[in-house]
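# Structural characterization, general
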Amino acid sequence: MSELHVYESAPPDDADRRLLARFDEIEAGQLDLLDAAGKRIVELVTGLLGVLLAVLALGKNFPPPYLAGKPPAQILAIGALAFYLLAMLGGMWVVQPRTYKRYAHNLDLMREELAKIIADKARALRWAGGFFFAGSVCLAALLAAVILAAS
């Protein structure tokens, strides 16, 4: 039969209390941080979609000469557009209002619900960030292809 070991501990000092207070602040601000990050993704995607559309619409003719008959540039443009739209959807998912269960008389279930809310928002934000990165890589490669085609 295994023995139960009891370890002595010292009361928390000032550094420990500051660390605990800092983690309490982080925990309390988690939902606001996730919502702000989701909004920021949507704002950045909106701006970069404007850049992408400017690159696609330069000149009198559509498609512009640096896209016409150039499948790699066309694929990069479509990829950037698709990834940015997916990133925007992820950002919108983070900030979209939803109904959550509120267990007024059961704190354990409230904690579980809060953990679920945070996990859902964090997952959507990770996906949005990944799609935003992929769209930005496609846009950068497209711009590089346009610059190289001009020389």
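Residues numbered from 1 in each chain as written. Predicted model: local features only at pLDDT ≥ 70, side-chain atom pairs only at ≥ 80, totals over all residues. Heavy atoms only, no water.

## Here's the deal with helix 2 (residues 71–95)
Relative to the 36 Å expected for 25 residues at 1.5 Å per residue, helix 2 spans 36 Å between its end C-alpha atoms, a close match to the ideal helical length. At its buried positions, helix 2 is contacted by helix 1 (14–57) and helix 3 (107–150). (Helix = DSSP H or I, 4+ residues; strand = E, 2+ residues; numbered from the N terminus. Expected span 1.5 Å × (residues − 1). Contact = heavy atoms within 4.5 Å.)

## Some points on the packing of aromatic side chains
Inspection of the entire model under this criterion finds 3 aromatic pairs. Geometrically, the ring pair formed by F83 and F131 is stacked, given 6.3 Å between the ring centres and 20° between the ring planes. Remark: F131 occurs in helix 3 and F83 occurs in helix 2; sequence separation between them is 48 residues. Both rings, one in W127 and one in F131, keep their centres 5.7 Å apart while their planes meet at 35°; by these two values the pair is tilted. Note that W127 and F131 are positioned in helix 3 at a spacing of 4 residues, about one turn of the helix. Relative accessible area serves as the criterion here: at 55%, W127 is assigned to the exposed category. Members of the aromatic cluster, joined through ring pairs, are F83, W127 and F131. The ring of W93 carries the charged tip of R98 above its face, separated from the ring centre by 4.7 Å. (Phe/Tyr/Trp six-rings, centres within 6.5 Å; stacked < 30°, edge-to-face > 60°. Buried < 20%, exposed > 50% of the residue type's maximum accessible area, 1.4 Å probe, protein only. Lys NZ or Arg CZ within 6 Å of the ring centre and 35° of its normal.)

## Here we look at the nonpolar core
By size, the foremost hydrophobic cluster in this structure holds 25 residues, and its most contacted members are I41, V45, L52 and L142. Looking at this core, the elements with two or more residues in it are helix 1, helix 2 and helix 3. Setting aside residues up to four positions removed in sequence, I41 forms contacts with A87, G91, L125, A128, G129 and F132. (Core = buried A, V, L, I, M, F, W, Y, C linked by side-chain atoms within 4.5 Å.)

## Some thoughts on the side chain of E113
Assignment of secondary structure puts E113 in helix 3. It turns out E113 is buried and unbridged, and the closest side chain with the opposite charge, K116, is 4.2 Å from it. With residues up to four places along the chain from it excluded, the contact list for E113 reads Y100, K101 and Y103. (Lys, Arg positive; Asp, Glu negative; His and termini not counted. Salt bridge = Lys/Arg side-chain N within 4 Å of Asp/Glu carboxyl O.)

## Quick word on the confidence of the model for the protein chain
Of all residues in the protein chain, 97% have pLDDT values of 70 or greater, and the mean over the chain is 86. Mean pLDDT values over the elements of the protein chain span from 87, in helix 1, up to 92, in helix 2. (pLDDT = per-residue confidence, 0-100.)

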